[in-house]
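# Examination of the molecular architecture
The primary structure of each chain is shown beneath.
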Amino acid sequence: MSRLLLITDAWKPQVNGVVTTLVELVEQLQMMGVDVEVIHPGRFKTRPCPGYDGIDLAIRPYKALAQMMQAANPQWIHVATEGPLGWAARRHCRRQGWNFSTAFHTKFPEILNSALRVPLSLGYALFRHFHSASSAVMVPTSGVLESLHQRGFKRLKSWTHGVDTQLFSYAPAPLNLPQFEGLARPISLFVGRLSYEKNIQAFLEADLPGSKVVCGVGPLQESLQQRFPNVLWLGVLPRAELAKVYAAADVFVFPSRNETFGLVMLEAMACGTPVAAYPVDGPLQVLGSQPQGGVLDENIARAALQALACSREDAHARARTFGWQEVAQQFLGNLVPVR
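Everything quoted here is computed from the prediction, not taken from an experiment.

Cut-offs used in this document
- Residues numbered from 1 in each chain as written.
- Predicted model: local features only at pLDDT ≥ 70, side-chain atom pairs only at ≥ 80, totals over all residues.
- Heavy atoms only, no water.
- Helix = DSSP H or I, 4+ residues; strand = E, 2+ residues; numbered from the N terminus.
- Buried < 20%, exposed > 50% of the residue type's maximum accessible area, 1.4 Å probe, protein only.
- Contact = heavy atoms within 4.5 Å.
- Expected span 1.5 Å × (residues − 1).
- Core = buried A, V, L, I, M, F, W, Y, C linked by side-chain atoms within 4.5 Å.
- Phe/Tyr/Trp six-rings, centres within 6.5 Å; stacked < 30°, edge-to-face > 60°.
- Lys NZ or Arg CZ within 6 Å of the ring centre and 35° of its normal.
- Pairing = 2+ DSSP bridges.
- Axes fitted to C-alpha atoms, helices over the stretch in contact; angles between N-to-C directions.

Structurally, Phe-130 can be placed in helix H5 (residues 120-132). By relative accessible area, which is 1% here, Phe-130 ends up buried. On a C-alpha basis, the gap between Phe-130 and Arg-90 in space is 7.8 Å, while along the polypeptide they are 40 residues apart. Beyond its immediate stretch of four places on either side in the chain, Phe-130 contacts Val-79, Thr-81, Glu-82, Gly-86, Trp-87, Arg-90 and Thr-102.

Following this line, the structure appears as structure tokens:
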């Protein structure tokens, strides 16, 4: 049996798109007969990530991680993130002369710039150095791939993401949920971390009819709840319940400009809920350059109003083109043997 060692700083119980992508990838690979071992922060002593509640990072993991990697004897090694485990795995692979692949899941240089005013050039220099040792850097959109290429990244490989269309099942009309009782329609929904890079203020400040609903937690949560008391704040929901919330919304608003992909858009569309977003990397990949299942516009309020007229069936049909079996096959094709 083929054996993959997946090393990631993002894993359960964290709640974000990277974790969702990796968990579903592992499940699909295992169904395809690949033996996958995941090395994640839960196997180490951890501490909270400064400024990001709910994300724990491994403390000085190198020695224990090196022992785990030696014992695993994998055919492939994939380093999914650029956190403490990612850097430690990179170091051990280089010491052993092993090949490994990486992925560019998150635009951390933009996050560092938004949160701490770290210059983009410095952030990208650090991440370019991290990925320079990788034999294959997997990138989810053509726009991000071209951007990284222009910034000097090498050995870039396309790897799109998928959605579980059984969990996020199609509703031909918005569902009526008890928690939405009394809310004026249309209902505009946001799902994601309440953090600097998500640009959620653009959604909350938009002049839209009906009601606004937000699912998620993060460092901006308290201040946003105080500023926007008329919004329904649902926090983090179990995924089965989240699927019903997606299906109950009239439109899903995705205001981020700094995504590598934006899995939540696919989840909403799989449920039939059309998407409103900016015409940037992520939304352009999910909706297409000729948008299907939503509207792309530099005015997010206008996009949301126009998306209300989009066909829920079209949104669902577009989401179904992102099947996990094809995504997992593409991932396997990008892997590089350790030796």
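Here we take up the environment of Ala-115. Take Ala-115: it is sitting in helix H4 (residues 108-116). Look at Ala-115 and you get partly exposed, because its relative accessible area is 32%. In the structure, Ala-115 is positioned 80 residues away from Ser-195 in sequence and 8.8 Å away in space, judged by C-alpha atoms.

What follows covers helix H10 (residues 263-270). Of all eight residues in H10, eight are buried; the element is thus mostly enclosed. For H10, the full list of buried residues reads Leu-263, Val-264, Met-265, Leu-266, Glu-267, Ala-268, Met-269 and Ala-270. Positioned one or two residues after H10, Gly-272 has a phi angle of 100 degrees, which is positive.

The end-to-end C-alpha distance of helix H3 (residues 84-96) is 19 Å, a good match for the 18 Å that 13 residues give at a rise of 1.5 Å each. Those residues of H3 lying buried are Leu-85, Gly-86, Ala-88, Ala-89, Arg-90, His-92 and Cys-93. In this structure, the buried residues of H3 make contact with strand E1 (3-7), strand E2 (35-39), strand E4 (52-58), helix H2 (62-72), strand E5 (76-79) and H5. Phi turns positive, to about 75 degrees, at Gly-97, one or two residues after H3.

This next bit is on the nonpolar core. Side chains of a nonpolar character, in soluble globular proteins, are inclined to be buried together. Ranked by size, the top nonpolar core spans 37 residues in total, and within it Leu-189, Val-191, Tyr-246, Phe-252 and Leu-266 carry the most contacts. Of all the secondary-structure elements, those providing two or more residues to this core are strand E9 (187-191), strand E10 (211-215), helix H9 (239-248), strand E12 (251-254), H10, strand E13 (275-277), helix H11 (283-287) and helix H13 (312-319). At seven residues, H10 tops the list of elements feeding residues into this core. Here Phe-252 is in contact with Leu-189, Phe-190, Val-191, Tyr-246, Val-264, Met-265, Ala-268, Thr-273, Pro-274, Val-275 and Ala-276, once residues within four sequence places are set aside.

On to unusual backbone geometry. Comment: phi is negative for the bulk of residues other than glycine, and the bulk of peptide bonds are trans. Across the junction of Lys-12 and Pro-13, the peptide omega takes the value 10 degrees, indicating a cis bond. Of note, Pro-13 is situated in the loop between E1 and helix H1 (17-31). The omega angle of the peptide bond from Arg-185 to Pro-186 is 5 degrees, so this bond is cis rather than trans. Topologically, Pro-186 is positioned in the loop between strand E8 (156-158) and E9. Positive phi values are uncommon outside glycine, yet Arg-60 reaches one of about 40 degrees. Position of Arg-60 relative to the elements: it lies in the loop between E4 and H2. Residue class for Arg-60 comes out exposed when judged on its relative accessible area of 75%. Non-glycine residue Asn-73 carries a positive phi angle of around 50 degrees.

Let us look at the packing of aromatic side chains. Within this structure, the stated rule accounts for eight aromatic pairs. Relative to Phe-130, the ring of Trp-87 lies with its centre 4.9 Å away and its plane at 70 degrees, an arrangement referred to as edge-to-face. A residue pair is termed long-range when its members are at least 10 positions apart, and Trp-87 in helix H3 and Phe-130 in helix H5 qualify at 43 residues. Pairwise contacts between aromatic rings join Phe-104, Tyr-124 and Phe-153 into one cluster. The lysine or arginine in question, Arg-91, covers the ring of Tyr-62, its NZ or CZ lying 3.9 Å from the ring centre. The lysine or arginine in question, Arg-257, covers the ring of Tyr-278, its NZ or CZ lying 3.8 Å from the ring centre.

As a further point, take the sheet that holds E13. One open sheet holds the six strands; their spatial order is E11-E10-E9-E12-E13-E14, and the pairing between them is parallel. Either end of the sheet is taken by a strand with one partner, and the two such strands are strand E11 (232-235) and strand E14 (294-296). Here the strands of the sheet are splayed against their neighbours by 20 degrees on average, with no regard to which way each runs. Bridge analysis of E9 against E12 gives two bridges, and the strand direction is parallel. When the bridges of E12 are listed, Leu-189 appears paired with Phe-252.

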